[in-house]
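# Chains, contacts and geometry: an overview
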Amino acid sequence: MNKDLDNKTPSCYAPWINTYEWTDGTITPCCEWNPNSPTAIKTKSHMSFEERFNHPKMKAIKEDLLTKPINKVPGCINCVKNEEANLWSHRDSLDALIKEDYTFDQDTFKLLHMDYRESNLCNFSCKMCGQSLSSTHAIIVNQTNMYDNDESYPKDGILKNHHKLQEYLDNLDDVRLVEFLGGEPTLMNSMYIIIKEIKKRKLESNMEVSLVRNGSVIHKAQESLLEHLRGFRPVTIS
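Let me begin by describing the structure that accompanies this report. The model shown is predicted, which means the values in this text are computed figures rather than measured ones.

## A few points about the packing of aromatic side chains
Scanning all chains against the criterion turns up 8 aromatic pairs. Positioned above the aromatic ring of Phe-53 is the side chain of Lys-62, whose terminal nitrogen or guanidinium carbon lies 3.2 Å from the ring centre.

Set out below in C-alpha coordinates:
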(Lines give C-alpha, C1' and ligand atoms only; values in the text may rest on other atoms or scores of the structure.)
Protein backbone atom coordinates (compact mmCIF):
# COMPACT_ATOMS: atom_id res chain seq x y z
CA MET A 1 0.00 0.00 0.00
CA ASN A 2 0.90 3.67 -0.13
CA LYS A 3 3.99 4.24 2.04
CA ASP A 4 2.75 7.78 2.74
CA LEU A 5 0.10 6.12 4.91
CA ASP A 6 2.56 4.24 7.12
CA ASN A 7 1.79 6.25 10.24
CA LYS A 8 -1.96 6.38 9.69
CA THR A 9 -4.52 4.47 11.71
CA PRO A 10 -7.73 3.46 9.92
CA SER A 11 -11.19 4.78 10.66
CA CYS A 12 -12.18 1.09 10.93
CA TYR A 13 -9.95 -1.96 11.36
CA ALA A 14 -12.31 -4.44 9.66
CA PRO A 15 -10.23 -5.39 6.58
CA TRP A 16 -7.15 -6.01 8.76
CA ILE A 17 -8.75 -8.20 11.46
CA ASN A 18 -11.98 -9.51 9.94
CA THR A 19 -13.26 -11.08 6.75
CA TYR A 20 -16.83 -11.86 5.76
CA GLU A 21 -18.26 -14.37 3.29
CA TRP A 22 -21.83 -14.16 2.06
CA THR A 23 -23.66 -17.38 1.18
CA ASP A 24 -23.12 -16.85 -2.56
CA GLY A 25 -19.35 -16.56 -2.04
CA THR A 26 -19.17 -12.75 -2.13
CA ILE A 27 -16.43 -11.35 0.13
CA THR A 28 -16.71 -8.06 2.01
CA PRO A 29 -14.68 -6.56 4.90
CA CYS A 30 -17.52 -7.23 7.35
CA CYS A 31 -21.16 -8.30 7.69
CA GLU A 32 -22.39 -4.69 7.51
CA TRP A 33 -20.93 -4.07 4.05
CA ASN A 34 -23.39 -4.23 1.15
CA PRO A 35 -22.65 -7.41 -0.88
CA ASN A 36 -24.19 -5.79 -3.96
CA SER A 37 -21.88 -2.77 -3.88
CA PRO A 38 -19.21 -2.43 -6.61
CA THR A 39 -16.55 -2.81 -3.91
CA ALA A 40 -17.66 -6.34 -2.98
CA ILE A 41 -15.45 -9.18 -4.25
CA LYS A 42 -17.45 -11.66 -6.33
CA THR A 43 -16.06 -15.17 -6.53
CA LYS A 44 -17.40 -18.69 -7.07
CA SER A 45 -14.30 -20.48 -5.80
CA HIS A 46 -12.24 -20.54 -2.62
CA MET A 47 -10.15 -17.45 -1.97
CA SER A 48 -7.43 -17.43 0.69
CA PHE A 49 -7.12 -14.68 3.29
CA GLU A 50 -3.99 -13.42 1.57
CA GLU A 51 -5.69 -13.28 -1.84
CA ARG A 52 -8.68 -11.35 -0.54
CA PHE A 53 -6.56 -9.01 1.61
CA ASN A 54 -4.47 -8.11 -1.46
CA HIS A 55 -7.37 -8.00 -3.92
CA PRO A 56 -7.56 -4.63 -5.77
CA LYS A 57 -11.05 -3.96 -4.39
CA MET A 58 -9.96 -4.65 -0.82
CA LYS A 59 -6.87 -2.49 -1.30
CA ALA A 60 -9.12 0.37 -2.38
CA ILE A 61 -11.32 -0.12 0.70
CA LYS A 62 -8.28 -0.11 2.98
CA GLU A 63 -6.96 3.07 1.40
CA ASP A 64 -10.34 4.75 1.91
CA LEU A 65 -10.33 3.74 5.58
CA LEU A 66 -6.81 5.14 6.00
CA THR A 67 -7.55 8.46 4.33
CA LYS A 68 -11.21 9.26 5.02
CA PRO A 69 -13.41 9.66 8.12
CA ILE A 70 -15.84 6.78 8.64
CA ASN A 71 -18.85 8.83 7.47
CA LYS A 72 -17.17 9.35 4.08
CA VAL A 73 -16.72 5.63 3.35
CA PRO A 74 -19.87 4.41 1.52
CA GLY A 75 -19.70 0.83 2.82
CA CYS A 76 -19.73 1.99 6.43
CA ILE A 77 -23.17 3.60 6.40
CA ASN A 78 -24.76 1.08 8.81
CA CYS A 79 -22.15 1.63 11.50
CA VAL A 80 -22.36 5.40 11.03
CA LYS A 81 -26.15 5.33 11.50
CA ASN A 82 -25.87 3.18 14.64
CA GLU A 83 -23.23 5.40 16.18
CA GLU A 84 -25.19 8.57 15.38
CA ALA A 85 -28.11 6.99 17.25
CA ASN A 86 -25.81 6.13 20.19
CA LEU A 87 -26.14 2.41 19.45
CA TRP A 88 -23.38 -0.19 19.51
CA SER A 89 -21.93 -0.71 16.02
CA HIS A 90 -19.93 -3.49 14.44
CA ARG A 91 -17.02 -1.06 14.32
CA ASP A 92 -17.30 -0.69 18.12
CA SER A 93 -17.08 -4.49 18.45
CA LEU A 94 -13.93 -4.62 16.36
CA ASP A 95 -12.37 -1.70 18.24
CA ALA A 96 -12.91 -3.63 21.49
CA LEU A 97 -10.80 -6.50 20.12
CA ILE A 98 -7.70 -4.39 19.46
CA LYS A 99 -7.35 -2.98 22.95
CA GLU A 100 -5.28 -5.95 24.09
CA ASP A 101 -1.77 -6.28 22.66
CA TYR A 102 -2.47 -5.49 19.01
CA THR A 103 -0.04 -3.59 16.80
CA PHE A 104 -1.53 -2.26 13.58
CA ASP A 105 0.38 -2.92 10.36
CA GLN A 106 -1.32 -1.74 7.18
CA ASP A 107 0.29 -4.58 5.19
CA THR A 108 -0.68 -7.44 7.52
CA PHE A 109 -3.91 -9.36 7.97
CA LYS A 110 -4.44 -10.98 11.36
CA LEU A 111 -7.73 -12.76 12.06
CA LEU A 112 -8.94 -11.43 15.42
CA HIS A 113 -12.66 -11.64 14.67
CA MET A 114 -13.86 -14.92 13.18
CA ASP A 115 -17.29 -15.18 11.56
CA TYR A 116 -17.61 -18.42 9.61
CA ARG A 117 -20.94 -19.46 8.14
CA GLU A 118 -21.08 -22.91 6.61
CA SER A 119 -24.41 -22.31 4.87
CA ASN A 120 -27.86 -20.78 5.19
CA LEU A 121 -29.23 -24.05 6.65
CA CYS A 122 -32.04 -23.23 9.08
CA ASN A 123 -35.19 -24.94 10.34
CA PHE A 124 -37.04 -21.61 10.79
CA SER A 125 -38.33 -19.19 8.17
CA CYS A 126 -37.90 -15.73 9.68
CA LYS A 127 -38.56 -12.94 7.19
CA MET A 128 -35.92 -10.73 8.84
CA CYS A 129 -33.28 -13.26 7.73
CA GLY A 130 -34.62 -13.92 4.25
CA GLN A 131 -33.36 -16.51 1.80
CA SER A 132 -29.66 -15.86 2.21
CA LEU A 133 -29.78 -16.75 5.93
CA SER A 134 -32.56 -19.37 5.93
CA SER A 135 -32.85 -22.39 3.67
CA THR A 136 -36.43 -22.94 4.86
CA HIS A 137 -37.35 -19.42 3.84
CA ALA A 138 -35.67 -19.98 0.47
CA ILE A 139 -37.83 -23.07 -0.12
CA ILE A 140 -41.03 -21.18 0.72
CA VAL A 141 -40.08 -18.23 -1.49
CA ASN A 142 -39.32 -20.46 -4.47
CA GLN A 143 -42.44 -22.59 -4.00
CA THR A 144 -44.84 -19.68 -3.65
CA ASN A 145 -43.12 -17.07 -5.80
CA MET A 146 -43.47 -14.79 -2.78
CA TYR A 147 -40.79 -12.58 -4.29
CA ASP A 148 -38.86 -12.81 -7.53
CA ASN A 149 -37.87 -16.43 -7.89
CA ASP A 150 -34.12 -16.85 -7.44
CA GLU A 151 -32.86 -19.81 -9.45
CA SER A 152 -29.49 -19.71 -7.67
CA TYR A 153 -31.11 -21.56 -4.75
CA PRO A 154 -31.40 -25.36 -5.08
CA LYS A 155 -34.63 -27.22 -4.27
CA ASP A 156 -33.59 -27.77 -0.65
CA GLY A 157 -32.88 -24.04 -0.34
CA ILE A 158 -29.37 -24.63 1.01
CA LEU A 159 -26.50 -22.47 -0.21
CA LYS A 160 -23.18 -23.95 0.92
CA ASN A 161 -20.10 -21.85 1.51
CA HIS A 162 -17.42 -22.70 -1.06
CA HIS A 163 -14.67 -21.01 0.94
CA LYS A 164 -12.66 -23.62 2.84
CA LEU A 165 -13.10 -24.00 6.59
CA GLN A 166 -9.46 -25.08 6.86
CA GLU A 167 -8.41 -21.49 6.07
CA TYR A 168 -9.97 -20.45 9.37
CA LEU A 169 -8.65 -23.42 11.32
CA ASP A 170 -5.13 -22.53 10.18
CA ASN A 171 -5.58 -19.00 11.59
CA LEU A 172 -7.14 -19.72 14.99
CA ASP A 173 -4.15 -18.69 17.11
CA ASP A 174 -4.86 -14.95 16.98
CA VAL A 175 -8.67 -15.12 17.15
CA ARG A 176 -10.18 -13.23 20.10
CA LEU A 177 -13.87 -13.50 19.19
CA VAL A 178 -15.52 -16.32 17.26
CA GLU A 179 -19.11 -15.82 16.17
CA PHE A 180 -21.43 -18.59 15.04
CA LEU A 181 -24.39 -17.52 12.96
CA GLY A 182 -26.14 -18.95 9.99
CA GLY A 183 -28.60 -20.16 9.16
CA GLU A 184 -28.92 -21.97 12.44
CA PRO A 185 -25.32 -22.65 13.56
CA THR A 186 -26.18 -25.55 15.88
CA LEU A 187 -27.36 -27.54 12.85
CA MET A 188 -24.01 -27.18 11.08
CA ASN A 189 -21.02 -29.47 11.40
CA SER A 190 -18.56 -26.60 11.09
CA MET A 191 -19.47 -25.11 14.47
CA TYR A 192 -18.55 -28.31 16.30
CA ILE A 193 -15.40 -28.80 14.20
CA ILE A 194 -14.23 -25.27 15.06
CA ILE A 195 -14.97 -25.58 18.79
CA LYS A 196 -13.25 -28.97 19.02
CA GLU A 197 -10.16 -27.62 17.25
CA ILE A 198 -10.05 -24.59 19.55
CA LYS A 199 -10.20 -26.85 22.61
CA LYS A 200 -7.70 -29.32 21.15
CA ARG A 201 -5.23 -26.45 20.92
CA LYS A 202 -6.25 -25.10 24.36
CA LEU A 203 -7.17 -21.66 23.03
CA GLU A 204 -10.60 -21.33 24.60
CA SER A 205 -9.57 -19.48 27.78
CA ASN A 206 -8.41 -16.51 25.66
CA MET A 207 -11.37 -16.51 23.30
CA GLU A 208 -14.90 -15.14 23.44
CA VAL A 209 -17.77 -17.02 21.80
CA SER A 210 -20.98 -15.50 20.48
CA LEU A 211 -23.92 -17.45 19.05
CA VAL A 212 -26.91 -16.01 17.22
CA ARG A 213 -29.52 -18.75 17.01
CA ASN A 214 -33.23 -19.49 17.10
CA GLY A 215 -33.11 -21.52 20.33
CA SER A 216 -34.68 -24.67 18.88
CA VAL A 217 -31.64 -26.95 19.11
CA ILE A 218 -29.58 -27.91 22.18
CA HIS A 219 -28.07 -31.14 20.84
CA LYS A 220 -27.04 -32.28 17.37
CA ALA A 221 -26.72 -36.07 17.28
CA GLN A 222 -24.30 -36.76 20.15
CA GLU A 223 -23.02 -33.18 20.33
CA SER A 224 -24.02 -31.24 23.47
CA LEU A 225 -23.88 -27.50 22.81
CA LEU A 226 -23.63 -26.44 26.45
CA GLU A 227 -20.85 -28.94 27.16
CA HIS A 228 -18.86 -27.67 24.18
CA LEU A 229 -19.13 -24.08 25.42
CA ARG A 230 -17.51 -24.77 28.80
CA GLY A 231 -14.16 -23.08 29.29
CA PHE A 232 -14.50 -20.16 26.91
CA ARG A 233 -13.82 -16.75 28.39
CA PRO A 234 -17.27 -15.15 28.01
CA VAL A 235 -20.10 -16.82 26.06
CA THR A 236 -22.90 -14.73 24.58
CA ILE A 237 -26.04 -16.39 23.22
CA SER A 238 -28.51 -14.19 21.35
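## Points about the environment of Gly-215
Mapped onto the elements, Gly-215 comes out in the loop between strand 5 (208–211) and strand 6 (219–220). On the accessibility criterion, Gly-215 (47% relative accessible area) is partly exposed. In sequence terms Gly-215 and Ala-40 are 175 residues apart; their C-alpha atoms lie 32 Å from each other.

## Quick notes on the side chain of Glu-223
By the secondary structure assignment, Glu-223 is in strand 7 (residues 223–224). Here the side chain of Glu-223 touches Lys-196 through a polar contact of 2.7 Å, side chain to side chain. In terms of polar contacts, Glu-223 uses its side chain to reach the side chain of His-228, at 2.7 Å. Excluding its chain neighbours within four sequence positions, the residues that come into contact with Glu-223 are Tyr-192, Lys-196, Ile-218 and His-228.

## Topic: the layout of surface pockets
Of the pockets and cavities examined, the largest pocket occupies roughly 650 Å³. Surrounding the largest pocket, 27 residues form its lining, Arg-117, Cys-129, Leu-133, Leu-181 and Val-212 being those nearest its centre.

## Quick notes on empty space enclosed by the protein
This model, assessed by the stated rule, comprises 3 cavities of 30 Å³ or more. Approximately 70 Å³ is the volume found for the largest cavity. Considering the residues around the largest cavity, the lining is formed by Cys-12, Ala-14, Pro-15, Pro-29, Cys-30, Glu-32, Trp-33, Ile-61, Leu-65, Gly-75, Cys-76 and Cys-79. If you list the elements that add at least two residues to the lining of the largest cavity, you get helix 1 (14–17) and helix 3 (56–67). Residues of the lining of the largest cavity, tallied by class, amount to 10 nonpolar, 1 polar and 1 charged. For the second largest cavity, the calculated volume is near 40 Å³.

## A word on the state of the cysteines
What makes a disulfide is a covalent bond joining the sulfur atoms belonging to two cysteines. Evaluated as defined, the whole model comprises 0 disulfides. Among the cysteines around Cys-122, which has no disulfide bond, Cys-126 carries the closest sulfur, lying 6.4 Å off. With relative accessibility at 11%, the residue Cys-122 sits in the buried group. Between Cys-129, a cysteine without a disulfide, and Cys-126, which holds the nearest cysteine sulfur, the sulfur-to-sulfur distance is 5.4 Å. Of the residues examined, Cys-129 reaches a relative accessible area of 31% and is grouped as partly exposed.

## Re helix 5 (residues 90–97)
Within the sequence span of helix 5, burial applies to His-90, Arg-91, Leu-94 and Leu-97. The arc that holds every buried residue of helix 5, seen down its axis, measures 115°, which confines them to one face.

## Topic: the pairing of strand 5
Where strand 4 (residues 177–180) and strand 5 come together, 4 bridges link them in parallel fashion. Following the sheet pairing, Leu-177 is matched in strand 5 by Glu-208. Following the chain from strand 4 across helix 8 (residues 189–200) to the adjacent parallel strand 5, one finds a crossover that is right-handed. Taken together, the 3 bridges between strand 5 and strand 8 (residues 235–237) define a ladder with parallel strand orientation. Residue pairing for strand 8: Val-209 is matched across the bridge by Val-235.

What counts and how
Residues numbered from 1 in each chain as written. Predicted model: local features only at pLDDT ≥ 70, side-chain atom pairs only at ≥ 80, totals over all residues. Heavy atoms only, no water. Phe/Tyr/Trp six-rings, centres within 6.5 Å; stacked < 30°, edge-to-face > 60°. Lys NZ or Arg CZ within 6 Å of the ring centre and 35° of its normal. Helix = DSSP H or I, 4+ residues; strand = E, 2+ residues; numbered from the N terminus. Buried < 20%, exposed > 50% of the residue type's maximum accessible area, 1.4 Å probe, protein only. Polar contact = N/O pair within 3.5 Å; in protein donor to acceptor, adjacent residues only side chain to side chain. Contact = heavy atoms within 4.5 Å. 1 Å grid on protein atoms, 1.4 Å probe; cavity = no way out; pocket = protein on both sides within 12 Å on 5 of 7 lines; lining within 4 Å. Points joined across faces, edges and corners; volume = space filled by probe spheres on them. Nonpolar A, V, L, I, M, F, W, Y, C, P; charged D, E, K, R; others polar. Disulfide = S-S within 2.5 Å. Arc of directions from axis to C-beta. Pairing = 2+ DSSP bridges. Right-handed = clockwise from strand over helix to strand, strands pointing away.

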